[in-house]
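A structural walkthrough
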Amino acid sequence: IGVVGGMYSGETRAALPIYLKGGLPVISPSATNATLPTVGGDVFHRVVANDDVQGPALATLSGNQPNAKVFIVDDQSTYGKDLATTVKKKLAKAKQAGSDSVTSGTTNFTSVVAKVKKSGANTVFYGGYYPEASKFVKALRDNPATKNVKFIAGDGVLDNEYIKLAKKNAEGTSMTAPYIPMERADKKLTAIYKKEFGVAPAVYTLEAYNAAGFFLAAVKAGKTDRPSILNYINTSSYKGVGQTLKFDAKGEPATKVMNEFIVKNGKIEYVGAIK
């Protein structure tokens, strides 16, 4: 009767035509590609702000670095490429030192680091996910000419696995995400989660929890088939934990947040909202 997901933009884009054909309502807690509503029609909804919001925020964050000279790299994924494209559009040309693309699964970033060095960039933005980002930032830190470059990325890198893989090289990395940490929204719920699963809530845990809550509210209201649940989600609002979910005609959230995070002392810390 409904789907909480998908998690990533690529998989969500691939699945949406099937969901749309079946009239199956979807609430993604984390897929951020801006074009997904054109694929998912009226069955698609998301809890978080899309990359048309995150991209400009990343451009602002990158451009606000001292004497910013930003080198922009993407992984050519649905998520990473579109995010990097938005950063290029929104970041002042005078602050752009160059750009390059890699592919998902890249393990050798030597050539990219050489281009960063040649450009004289003091900041690198990476549009992609944490497995490759961990290798990229290590390669930057291993080169004397780029070891002090500021590393900035979006929510695809905002994961504790990034720190585990990159280790000390992750220190100082800044990231953005349109999510609210569960521990900031509800400490009691966070404690219950930790007791149940033995780990701390991950990125978008709260958003997934609230998406499920919206479906459950529909069922509680007597909506038990796809059409009635879809109509309920399209026309109602749901007061979740730390946020109220309500969607516009494209399935976008009525209320959008974009926050900055930083890796400090080996942990991801909340910095604050990016205006």
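Residues numbered from 1 in each chain as written. Predicted model: local features only at pLDDT ≥ 70, side-chain atom pairs only at ≥ 80, totals over all residues. Heavy atoms only, no water.

1. A look at the sheet that holds strand S2 (residues 26-28)
Taken together, the three strands give an open sheet; going across it, the order is S1-S2-S3, and neighbouring strands pair in parallel fashion. Each having just a single partner strand, strand S1 (3-4) and strand S3 (44-46) make up the two edges of the open sheet. Bridging between S1 and S2 involves two bridges; their strand directions are parallel. Bridge assignment links Val4 to a residue of S2, and that residue is Ile27. (Pairing = 2+ DSSP bridges. Helix = DSSP H or I, 4+ residues; strand = E, 2+ residues; numbered from the N terminus.)

2. Some details on the environment of Val73
In this fold, Val73 is placed in strand S4 (residues 70-74). Taking relative accessible area as the criterion, Val73 reaches 0% and is therefore assigned buried. For the pair Val73 and Tyr126, spaced 53 residues apart in sequence, the C-alpha separation works out to 4.9 Å. Residues in contact with Val73, not counting those within four places in the same chain, are Asp100, Val102, Val112, Phe125, Tyr126, Gly127 and Phe136. (Buried < 20%, exposed > 50% of the residue type's maximum accessible area, 1.4 Å probe, protein only. Contact = heavy atoms within 4.5 Å.)

3. A short note on the nonpolar core
The biggest cluster of nonpolar side chains holds 32 residues, and the ones touching the most others in it are Val124, Tyr126, Phe136, Phe151, Val157 and Tyr162. Counting only elements with at least two residues in this core, the list comes to S4, helix H5 (110-119), strand S6 (123-127), helix H6 (130-142), strand S7 (150-153), helix H7 (160-166), strand S8 (174-177) and strand S11 (259-264). It is H6 that contributes the most residues to this core, five residues altogether. Once residues lying within four places of it in the same chain are set aside, the contact partners of Tyr162 are Tyr130, Ala133, Ser134, Val137, Phe151, Val157, Lys167, Ala170, Thr173 and Val263. One finds Ala59, Leu61, Ala68 and Val87 within the second-largest nonpolar core, a separate group that totals 14 residues. (Core = buried A, V, L, I, M, F, W, Y, C linked by side-chain atoms within 4.5 Å.)

4. Concerning the side chain of Ser62
Mapped onto the fold, Ser62 is located in helix H3 (residues 51-63). Apart from residues no more than four positions distant in its own chain, Ser62 is found in contact with Ala68, Val70, Phe125 and Ile152.

5. Examining the packing of H5 against H6
Two numbers describe how H5 lies on H6: the axes approach to 10 Å, and their chain directions differ by 50°. The orientation of H5 with respect to H6, classified from their angle, is oblique. Between H5 and H6 lies a crossing of right-handed hand. Touching Val112, Val113 and Val116 of H5 are Phe136, Ala139 and Leu140, all from H6. Along the lines of polarity and charge, the residues of the contact of H5 with H6 split into six nonpolar, no polar and no charged. (Axes fitted to C-alpha atoms, helices over the stretch in contact; angles between N-to-C directions. Parallel < 35°, antiparallel > 145°, perpendicular 65-115°, else oblique. Left-handed = near helix turned anticlockwise from the far one by under 90°. Nonpolar A, V, L, I, M, F, W, Y, C, P; charged D, E, K, R; others polar.)

6. A short note on helix H10 (residues 205-220)
With 16 residues, H10 ought to run about 22 Å at 1.5 Å a step, and its terminal C-alpha atoms sit 22 Å apart, in line with that. Burial in H10 covers these residues: Thr205, Leu206, Glu207, Asn210, Ala211, Gly213, Phe214, Phe215, Ala217 and Ala218. Positive backbone phi, at 90°, marks Gly222, one or two positions downstream of H10. (Expected span 1.5 Å × (residues − 1).)

7. Re the pairing of strand S12 (residues 267-273)
Direction of pairing for S11 relative to S12: antiparallel, over a ladder of six bridges. Across the sheet, residue Asn259 finds its bridge partner in S12, namely Ala273. The loop that links S11 with its antiparallel partner S12 comprises two residues; one of these, Asn265, has a positive phi angle of about 55°.

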